[in-house]
Amino acid sequence: MSDWMRKILESKREMRRRLASLPFADKVKLLEQLRDRSRAIAASPLKRQSAHQG
Amino acid sequence: MKATLEVINQMQADGVIGSYATGGAVDATFYLEPVATLDIYIFVSFQKAGSLLTVSPIYNYLTARGHRAEKEYIIIGNWPVQFLPPANALVEEVLAQAVATQIENVPTRVMTAEHLTAIALQTGRAKDFSRILQFVESGTLDVNKLDQILARHGLLAKWEEFGHKFLKGNS
């Protein structure tokens with residue numbers, strides 16, 4: 001594995017640790033934002049078109 | 001989420017359900033980083049109607065209060081919620097040992113990380129396995145406690161199989 005890739009993976013791990021250590025109420029707010037984005041993506045005409053094609 | 005939990009707590013106070021615990025992605029979020037989800041699973045205990053275990057009293061209670069049923073969900077406060085009765089001894093144990101917490105001053109209960117892992121192993125979908133790997137990587141699991149739960153509920157062989165498949169060479 002290259003140093004570059006190692007740095008990316010370590011950075012991702014660090015971000016996950018940081019998010020996991022937030023208070024539960026804060027994490028629930030993030031979860032709600034993620035849900036809203038997922039809903040927007042699911043409702044997008046592009047997504048529907050791609051599902052239809054494939 | 002706050003409004004959803006308030007309705008569920010009121011339903012509990014009104015005696016429609018007994019103890020409950022959140023499951024799935026909401027529960028995982030208690031221990032890990034937030035996980036995208038579109039719905040909420042609530043593991044719930046309630047009295048049997050004869051020998052039948054039915055969620056009808058929950059649906060009747062909620063629809064009478066204006067909440068809309070949609071497929072296997074009921075929409076409460078902008079969240080589709082699915083109520084899951086205690087289908088086996090593992091879920092009964094989950095409910096008995098769930099951890100009390102709060103979201104914006106609203107009390108609720110989440111299952112332990114070890115129980116969530118055991119349920120995910122028992123359910124066995126790809127996304128459940130992915131969640132188990134997240135727990136293993138996070139280092140939040142109490143290995144002894146998990147072993148005891150897996151042994152009590154006949155899941156050790158499945159855990160071994162999971163380990164061979166996904167954790168081999170992982171140290």
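**Examining helix 7 (residues 143–152) of chain B**
Residues and elements named next belong to chain B. Restricting attention to buried positions, one finds in helix 7 the residues Leu146, Ile149 and Leu150. Taken down its axis, helix 7 places every buried residue within 95 degrees of arc, on the same side. On its buried face, helix 7 is in contact with helix 4 (89–97), helix 5 (113–123) and helix 8 (156–167). The N-cap of helix 7, judged by a side-chain oxygen 3.1 Å from the amide nitrogen of Asn144 a few residues on, is Asp142. Where helix 7 terminates, the next one or two residues include Gly154, which has phi positive at roughly 65 degrees.

**Some points on the interface of chain A and chain B**
Facing the 16 residues of chain A at the interface are 23 residues of chain B. Between chain A and chain B, roughly 1,700 Å² of surface is buried when both sides are summed, and carbon and sulfur atoms account for 65% of that area. Where chain A meets chain B, there are two salt bridges. Glu33(B) is paired through a salt bridge with Arg16(A); the nearest N and O atoms lie 2.8 Å apart. Where chain A packs against chain B, one counts seven residue pairs in polar contact (both at pLDDT 80 or more). Listed by contribution, the elements that provide at least two residues to the side of chain A that touches chain B are helix 1 (3–20) and helix 2 (24–43) of chain A. Sort the elements by how many residues they give to the side of chain A that touches chain B and helix 2 of chain A lands first, with 12 residues.

Definitions and limits used
- Residues numbered from 1 in each chain as written.
- Chains lettered and ligands numbered in written order.
- Predicted model: local features only at pLDDT ≥ 70, side-chain atom pairs only at ≥ 80, totals over all residues.
- Heavy atoms only, no water.
- Buried < 20%, exposed > 50% of the residue type's maximum accessible area, 1.4 Å probe, protein only.
- Helix = DSSP H or I, 4+ residues; strand = E, 2+ residues; numbered from the N terminus.
- Arc of directions from axis to C-beta.
- Contact = heavy atoms within 4.5 Å.
- Polar contact = N/O pair within 3.5 Å; in protein donor to acceptor, adjacent residues only side chain to side chain.
- Buried area = accessible area lost by both parts, 1.4 Å probe.
- Salt bridge = Lys/Arg side-chain N within 4 Å of Asp/Glu carboxyl O.

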